[in-house]
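Now for the letters of each chain:
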Amino acid sequence: EGGRRWSHLIDPRTGECLSGDGVSVSVLAPTCMDADGYATVLYVLGVGAGLRWATERNLAALFVYRTEEGMAEQGTPAWNAMGE
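About the thresholds
- Residues numbered from 1 in each chain as written.
- Predicted model: local features only at pLDDT ≥ 70, side-chain atom pairs only at ≥ 80, totals over all residues.
- Heavy atoms only, no water.
- Helix = DSSP H or I, 4+ residues; strand = E, 2+ residues; numbered from the N terminus.
- Expected span 1.5 Å × (residues − 1).
- Buried < 20%, exposed > 50% of the residue type's maximum accessible area, 1.4 Å probe, protein only.
- Pairing = 2+ DSSP bridges.
- Salt bridge = Lys/Arg side-chain N within 4 Å of Asp/Glu carboxyl O.
- Axes fitted to C-alpha atoms, helices over the stretch in contact; angles between N-to-C directions.
- Parallel < 35°, antiparallel > 145°, perpendicular 65-115°, else oblique.
- Contact = heavy atoms within 4.5 Å.
- Nonpolar A, V, L, I, M, F, W, Y, C, P; charged D, E, K, R; others polar.

J.: What is the right way to look at helix α1 (residues 32-45) in this model?
T.: In an α-helix, one turn spans 3.6 residues, which is why side chains three or four residues apart end up on the same side. The end-to-end C-alpha distance of α1, which contains 14 residues, comes to 20 Å, matching closely the 20 Å that a straight helix rising 1.5 Å per residue would cover. Ala 35, Ala 39, Leu 42 and Val 44 are the residues of α1 that are buried. Of the residues one or two after α1, Gly 46 is the one with positive phi, at around 90 degrees.

Laid out in structure tokens, this is it:
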């Protein structure tokens, strides 16, 4: 709307729809329900805080987000270790 992107998620801290650079968060977890819940929390937290939160909890998570140069992605150490 008016050049601004909106998410279907609401930030419980503000009560507002999320907008910003986040595109998606993927999480590998023991159950689909856990993965979905974690992905929602991480998306709401954003890339910086979400990466820290997920790393502290040893979650395997991949963040995809927009930058001025285009799309970028960043995984937690647990996510990155899966490719080793």
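Moving on from the model shown.
J.: Even after reading the chapter, I still don't get the pairing of strand β4 (residues 60-67), so can you show me in this structure?
T.: The two faces of the sheet receive side chains in turn, since in a regular strand these alternate between them. The buried count for β4 comes to six of eight residues, which makes it a mostly enclosed element. Where β4 lies against strand β5 (residues 70-75), six bridges are found, and the strand directions are antiparallel. Bridging from a neighbouring strand, Thr 67 pairs with Gly 70 of β5. In this structure, the hairpin formed by β4 and β5 is closed by a connection of two residues.

J.: What's the story with the pattern of salt bridges in this structure? I'm lost.
T.: It is possible for side chains of opposite charge to pair when their charged atoms get near one another. Counting across every chain of the model gives one salt bridge. Across the pair Arg 57 and Glu 56 runs a salt bridge whose closest N-O atoms are separated by 3.4 Å. For Glu 56, a relative accessible area of 63% gives the class exposed.

J.: What am I meant to see in the packing of α1 against helix α2 (residues 47-56) here?
T.: Where α1 meets α2, the axes come as close as 6 Å, and the angle between the chain directions of the two elements is 140 degrees. By the angle between their directions, the pair α1 and α2 is classed as oblique. Two secondary-structure elements touch here, α1 through Tyr 38, Val 41, Leu 42 and Leu 45 and α2 through Val 47, Ala 49, Gly 50, Trp 53 and Ala 54. Split into classes, the residues belonging to the contact of α1 with α2 amount to eight nonpolar, one polar and no charged.

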